[in-house]
Amino acid sequence: PAAVAAAPVASQAAAAVPAAAATAQATPAMTAARAAAAGGKVPAPGSTNLAAGGSEAELRAMVSKMFKEWIAICTGKASKEEGGMQTLQQQAMGYIHKLQHHGMLKAVPVMDKFFSLLMEMSLEYCVQDLEKQEKEAAEEGDEKKKKPGTSNSHFLTVDAYSDLIVLLIKCCGRGQQQPKQSEGKEDPLNNITAEVALLTKVVAVVSRVLMEDHDHQLKILVDAVPNGTPFSGFHQQPYFRFYSNLLIALNQSQGDSQNPSSNDILTVFSNTFHALSPLRLPGFAFSWLELISHRMFMPKLLLTKNQEGWPHFQRLLVIALQFLEPSLRNAQLPDAIRLFYKGTLKILLVLLHDFPEFLCSCHFSFCDVIPSSCIQMRNVILSSFPGHMRLPDPFTPNLKVDLLPEITQSPRILSKYSDHLKPSDKGPPPVSKEEIDHYLANRAPASWLQTLHTKLLLPTNASPANAGTRYNIPVISALVLYVGVSAIQRLQAASTENPQTTVSTLDTSAMDIYHELAVRLDSEGRYLFLNAVANHLRYPNNHTHYFSCVVLHLFADSRQHQEIIQEQITRILLERLIVNRPHPWGLLITFLELVKNPRYEFWKKMFIHCTPEIERLFDNVGQSCSGNLPKVRQHGVAGVAGAVAGAAGPAIPGSPPPAAATSAAQAAAAQGPLGVQPKSPVPKA
């Protein structure tokens, strides 16, 4: 949906708040906010009000009447009795005092009920008007017959409600007092401002109404009682309009994203969107995705001081990926899921372009919830690199990766990956951090290493059908990264102690763990393990360099054990190159080293010649990597990938995959729409 304009009534009315509101006399909105923050009642003046004990019907009737008065003020149709001869600012401030007079903003229970009724009434009027317009359009049969300027008229009540909330919040900010240092008393609003307290209360009430409405409509749909309540569908547009109005109006009033109050407001919205997760409310999924990527939310949250907003947006983006995971894992993409996927992918591309450091720092959390078959989306995340860095050309002749200045620097990882190796509420971890540290330090006991692969399986009470695998993927990913980080630290410490001595990365306890897992895991577990290793082949840093060495060593050493290990390594590298751009720099460096260095005898492997399709594919790769370098370099980083894609067939989203083959490498060529490996051919879009 198109972004809505800022609330004009709230902006003009708040600008006219008298200066006396910032002195000894608190505004009515300030009183309401203090009641929301304190969780109690505020003494009411001796006037008639519904907070003293009105019935439900009286409260609803009063709220309905007062809401109509506010709508009249917003539309400029207020009568003389309602202050129609006054200025807009005077009418708005008079209306707030009227709310205070009737006790709507004094007691928390009444305030909750007041905000809840306003949202319900706004929703009711909006849905009725929307259905009426749809019916009239269907009867007329011509969209052009609609009157100009009325396409958004059904949002009038929602806009009026959001205007009222914005006005109350702004009055809170202007009427708030700073506590005097001489008094020596702590103000309950020291840590939470009045405007943030009121905003928190309002969005909590609206979220509760949204959840109840969603669950009610879902129950009607599931029950499907004949001759019962007709299913009208869940209307998510009014809720989106409300939250969007608040985001635009409040962010425009706060201005600078470095403002602490602005950060608090963004945190309130982040927590609200987390509660409205599509995992909980699938009917609100599209509006939710639009809200978290809103121009007044996502950029401002990622530009907060000291990157305080990064963990909040990381949590929201992980929810979006978790919502997609079952469909992507099973390669079942209905139209709705496909559209949600495209929206999520566009968000990732925006982040890759504007906030690459965010993707770099949080790549572990994202890759942890992306299924292994969803290759293109993972490549987008792993292709990110810091904005100040210029990537070396991977096709440069005699490129010495270990001599690059960036290769000694450690990447920043904000994800708490070691939490999977620590005890939690669910019990002890399958593989503990202490066990890993003990083996890395002592290279013993051998029995722990020999049984490590069995600890990576899911518990017997877990359903492999629901998880899509028999293995605990988060634990595998955490184990791979933790062992790698520990090994790098030990190598750096040894190099510092003996600068003249060359320290080997191969004969270490960390490599023992990787080698044992590669040999003892079955094909499924080994594929997941190697995928976890390949997730760290990114931009130039010491993680990329170390894990590239791990991949190459496992390929060279597996000749003594099983060629299936070499075949799976080739598949994992190849399937990440065969999809459309972008492709991680470290992935290209590793693949080029593998196919060009005669030490690995890559072109003598049997799986390269298993079928004519695969043989033709690798012939094309060989020509691109060795005999036709100028042409490859002409296409930049995507040269090898383009050559592979040209041999394997089209890799455009929506195009059919190549013919099936028996080898694991053939699966890399069988990319379906959007970079997801389909179980069956997908027709052209």
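Right above here is the structure, for reference.
Residues numbered from 1 in each chain as written. Predicted model: local features only at pLDDT ≥ 70, side-chain atom pairs only at ≥ 80, totals over all residues. Heavy atoms only, no water.

1. Thoughts on the pattern of salt bridges
Consideration 1: Applying the stated criterion to the full structure yields 13 salt bridges.
Consideration 2: Two residues, Arg 241 and Asp 159, come together in a salt bridge whose shortest N-O distance is 2.9 Å. Of the two residues, Arg 241 sits in helix H8 (residues 237-254) while Asp 159 sits in helix H6 (residues 156-175), which places them 82 residues apart along the sequence.
Consideration 3: One network of salt bridges, in which partners are shared, links Arg 470, Asp 522 and Glu 524. (Salt bridge = Lys/Arg side-chain N within 4 Å of Asp/Glu carboxyl O. Helix = DSSP H or I, 4+ residues; strand = E, 2+ residues; numbered from the N terminus.)

2. What about the packing of helix H3 (residues 56-75) against helix H4 (residues 88-101)?
Consideration 1: Relative orientation of the contacting elements H3 and H4 amounts to 170 degrees, with a least axis distance of 10 Å. Judged by the angle between their axes, H3 and H4 are roughly antiparallel. Regarding H3 and H4, the two cross each other, and that crossing is left-handed. Of H4, the residues touching H3 (which contributes Met 66, Phe 67, Glu 69, Trp 70 and Ile 73) are Leu 88, Gln 91, Ala 92, Tyr 95, Lys 98 and Leu 99.
Consideration 2: Broken down by class, the residue content of the contact of H3 with H4 amounts to 8 nonpolar, 1 polar and 2 charged. (Axes fitted to C-alpha atoms, helices over the stretch in contact; angles between N-to-C directions. Parallel < 35°, antiparallel > 145°, perpendicular 65-115°, else oblique. Left-handed = near helix turned anticlockwise from the far one by under 90°. Contact = heavy atoms within 4.5 Å. Nonpolar A, V, L, I, M, F, W, Y, C, P; charged D, E, K, R; others polar.)

3. Some details on the environment of Lys 605
Consideration 1: Along the polypeptide, Lys 605 turns up in the loop between helix H24 (585-596) and helix H25 (612-627).
Consideration 2: For Lys 605, a relative accessible area of 8% gives the class buried.
Consideration 3: As a C-alpha pair, Lys 605 and Gln 566 span 39 residues in sequence and 8.6 Å in three-dimensional space.
Consideration 4: If we skip the residues at most four places from it in the chain, Lys 605 touches Phe 555, Glu 563, Gln 566 and Tyr 600. (Buried < 20%, exposed > 50% of the residue type's maximum accessible area, 1.4 Å probe, protein only.)

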